[in-house]
2 protein chains.
Amino acid sequence: MLLCENSIVKQSLTNVLRVNQLRSVEKRALYLRIRDYLAADIAAGKWAENEKLPSERQLSEQFNTTRVTARQALTQLEAEGLIFRSNRRGWFVTPPRINYDPSRDMGFVRYVEDQGFSARTQTLEKKLIELPDHIADEVGLDRGTPVYEILRRRYINDRPCLIEKIFLNPKHCPGVLQHSLDRSLWSLLKAEYDLVPVERHLEIYPQTLEQPIAEALDANTGTSGLYIRRICRDQNGDFLELDEEFWLHNALKVVVSVMPD
Amino acid sequence: MLLCENSIVKQSLTNVLRVNQLRSVEKRALYLRIRDYLAADIAAGKWAENEKLPSERQLSEQFNTTRVTARQALTQLEAEGLIFRSNRRGWFVTPPRINYDPSRDMGFVRYVEDQGFSARTQTLEKKLIELPDHIADEVGLDRGTPVYEILRRRYINDRPCLIEKIFLNPKHCPGVLQHSLDRSLWSLLKAEYDLVPVERHLEIYPQTLEQPIAEALDANTGTSGLYIRRICRDQNGDFLELDEEFWLHNALKVVVSVMPD
DNA sequence: CTTATTATCTGGTATATACCAGATGTTGAT
DNA sequence: ATCAACATCTGGTATATACCAGATAATAAG
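K.L.:
Run through the interface of chain A and chain B, naming residues and quoting values.
P.N.:
Across the contact, 35 residues belong to chain A and 35 residues belong to chain B. Each partner contributes to the roughly 3,200 Å² buried at the junction of chain A and chain B, and carbon and sulfur atoms together form 59% of this total. If you sort the residues of chain A by the area they bury against chain B, Ile204(A), Pro206(A) and Val258(A) come out on top, with a joint share of 17%. Here chain A is connected to chain B by two salt bridges. Residue Lys253(A) is joined to Glu203(B) by a salt bridge in which the shortest nitrogen-to-oxygen separation is 3.6 Å. Linking chain A with chain B are ten residue pairs in polar contact (both at pLDDT 80 or more), by the criterion used here. Residue assignment for the side of chain A that touches chain B shows that the elements contributing at least two residues are helix H1 (2-23), helix H4 (67-80), strand S7 (199-208) and strand S10 (252-258) of chain A. Ranked by residues supplied to the side of chain A that touches chain B, first place goes to S7(A) with ten residues.

Below you can see the structure in the form of structure tokens.
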């Protein structure tokens, strides 16, 4: 009973405070003002890259509000790419985006390192499978064609940033799975099979990360991502590679240079 | 007092219900199950493109939950691009993405219509300004160089899908602002000035829409968007155009075909 | 029939609170 | 020093509720 009365008192008190806040100087929503405040702190370098922000409970106290509202501000900053979260560990400052040109696969690691980041590739799976029908139809192979499937995870500065699923046409690179795939795939294909992609078809669009992928990237299901798909063919129009990449939305900036036909 | 007691009774009752719900058959979060349910309905065509879903209050009743949770499901579907919202009007089913190739600007309208959509362009502003310093430095023009600035809004099936800000080098197309700009810019530049872009530099990344842009697209501030930037140069490497596009994230799929150098 | 006013509906923002599960830190036994 | 057990911290999910502002529909006045 006592608790109940307390709660009513507290509520009417905070209601008065709220009205004061809203009707006073600022019209902007509280969660947006908190966002601005945190964004300014981040810009000012109050927390370093990958450094943890105060907990939601701390922030809600600091801004004299509830966790729900503090969370709304954090979610907004997450959508903007300024911060990210790690499951039940906290919120962290996002490092800068890297530039990424999906039309050149010549050495992801070196390409990233040239921008002053460290990069790492990890092969999660490699096997021979039958190409799914809808993909076979799309790239112009017979249904049931065997292809190599490679699943890799790539890190930038020790942060897992993308999952990559590659389908390779074994006709052009038989036995490629016996090599280590933790390095540049195209330098391997060039060295061992003299394979060079000529035509590339790119598709890029924002999409949320599905469960297994989000998990592999230490992100929550439903986090925004960027989907990049690349189909490479040789000079005869023969299918070489289909590459599907699932990126954290805040990890990259796609950069492509194009000359007209 | 009475109200207070009521609230306690009601609360403990629903707590029991909640525990039952969670501990029963399904482990998936309620908001994700609602999401799945709605996603299935959308896929099954229960609501047509651009058709309004039931209100948050209706949905929360239907699923025996609160508005907050129903909203969480809707927000998830929004992030996935399945639905969108119009300020204080409701939630609507997103029409399919269009394919868009930013490396060819030859007739946006026709390009879109070829895919079975209708398209429309609206010029919001056109003026002569001094190119902002940081952009001048980037494209290699002298600071303070005068350029044409054009602001356009583009619709697909009468839905505003992108805001476009164009900077044109007046050296190559003097007086271009006197023409109607509600049509294809490059066909105009070709016809009147024999201008053809040769080199194109693209940048693409997900970003939230800032206030004025979100407003112009009838979206909320902070909605996810896709930012596309294109710099075009002529055969001499001379700057022709800088084009910045702010898209609704669910409106397009970027498609680019590239031949290697 | 048209226009101005009003009531209602809808999402937007906010508080207060609760319990859960995974991650982390601390403590105590070996 | 190492490892297991426990307590604590953190975000994840959920309920209940309130009031606001813009959009829309209904209604009354011209």
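Anyway, onward from the coordinates.
K.L.:
Can you break down the sheet that holds strand S6 (residues 159-168) of chain A residue by residue, with the values?
P.N.:
The sheet built from eight strands is open, its strands ordered S4(A)-S5(A)-S6(A)-S9(A)-S8(A)-S7(A)-S10(B)-S3(B) with mixed pairing. Edge strands, defined here as strands with exactly one partner in the open sheet, are strand S4 (119-130) of chain A together with strand S3 (98-100) of chain B. Geometrically, the sheet is characterised by an average inter-axis angle of 20° between neighbouring strands, direction not taken into account. Across nine bridges, the pairing between strand S8 (residues 224-233) of chain A and strand S9 (residues 239-248) of chain A is antiparallel. Among the inter-strand pairings, Cys232(A) is bridged to a residue of S9(A), identified as Glu241(A).

K.L.:
I'd like to hear about the nonpolar core, residue by residue, with values.
P.N.:
Residues Trp247(A) and Trp247(B) are the most contacted members of the largest nonpolar core, which totals 57 residues. Leaving out residues up to four positions away in the same chain, Trp247(B) has contacts with Ile98(B), Tyr100(B), Phe108(B), Ile156(B), Cys161(B), Leu162(B), Leu209(B), Gly225(B), Leu226(B), Ile228(B) and Leu252(B).

K.L.:
Residues and numbers for the relation of the copies chain A and chain B, please.
P.N.:
When chain A is fitted onto chain B, the two copies agree to an RMSD of 0.0 Å after a turn of 180° and an axial shift of 0.0 Å. Taken together, the rotation angle and the small translation identify this as a two-fold axis. Most of the interface of chain A is mirrored in chain B, where 100% of its interface residues again form contacts.

K.L.:
How would you sum up the sheet that holds S10(A)? Please name residues and give values.
P.N.:
Judged by pairing direction, the sheet is mixed, and its eight strands sit side by side in the order S3(A)-S10(A)-S7(B)-S8(B)-S9(B)-S6(B)-S5(B)-S4(B) without closing on themselves. Two strands bound the open sheet, and with one partner strand each, they are strand S3 (98-100) of chain A together with strand S4 (119-130) of chain B. For this sheet the average axis-to-axis angle between neighbouring strands, irrespective of direction, equals 20°. Where S4(B) lies against strand S5 (residues 146-156) of chain B, eleven bridges are found, and the strand directions are antiparallel. The residue bridging Ile129(B) from the neighbouring strand is Val147(B), located in S5(B).

Calculation notes
- Residues numbered from 1 in each chain as written.
- Chains lettered and ligands numbered in written order.
- Predicted model: local features only at pLDDT ≥ 70, side-chain atom pairs only at ≥ 80, totals over all residues.
- Heavy atoms only, no water.
- Contact = heavy atoms within 4.5 Å.
- Buried area = accessible area lost by both parts, 1.4 Å probe.
- Salt bridge = Lys/Arg side-chain N within 4 Å of Asp/Glu carboxyl O.
- Polar contact = N/O pair within 3.5 Å; in protein donor to acceptor, adjacent residues only side chain to side chain.
- Helix = DSSP H or I, 4+ residues; strand = E, 2+ residues; numbered from the N terminus.
- Pairing = 2+ DSSP bridges.
- Axes fitted to C-alpha atoms, helices over the stretch in contact; angles between N-to-C directions.
- Core = buried A, V, L, I, M, F, W, Y, C linked by side-chain atoms within 4.5 Å.
- Buried < 20%, exposed > 50% of the residue type's maximum accessible area, 1.4 Å probe, protein only.
- Least-squares fit on C-alpha atoms with pLDDT ≥ 70 in both.

By themselves these figures say nothing about function.
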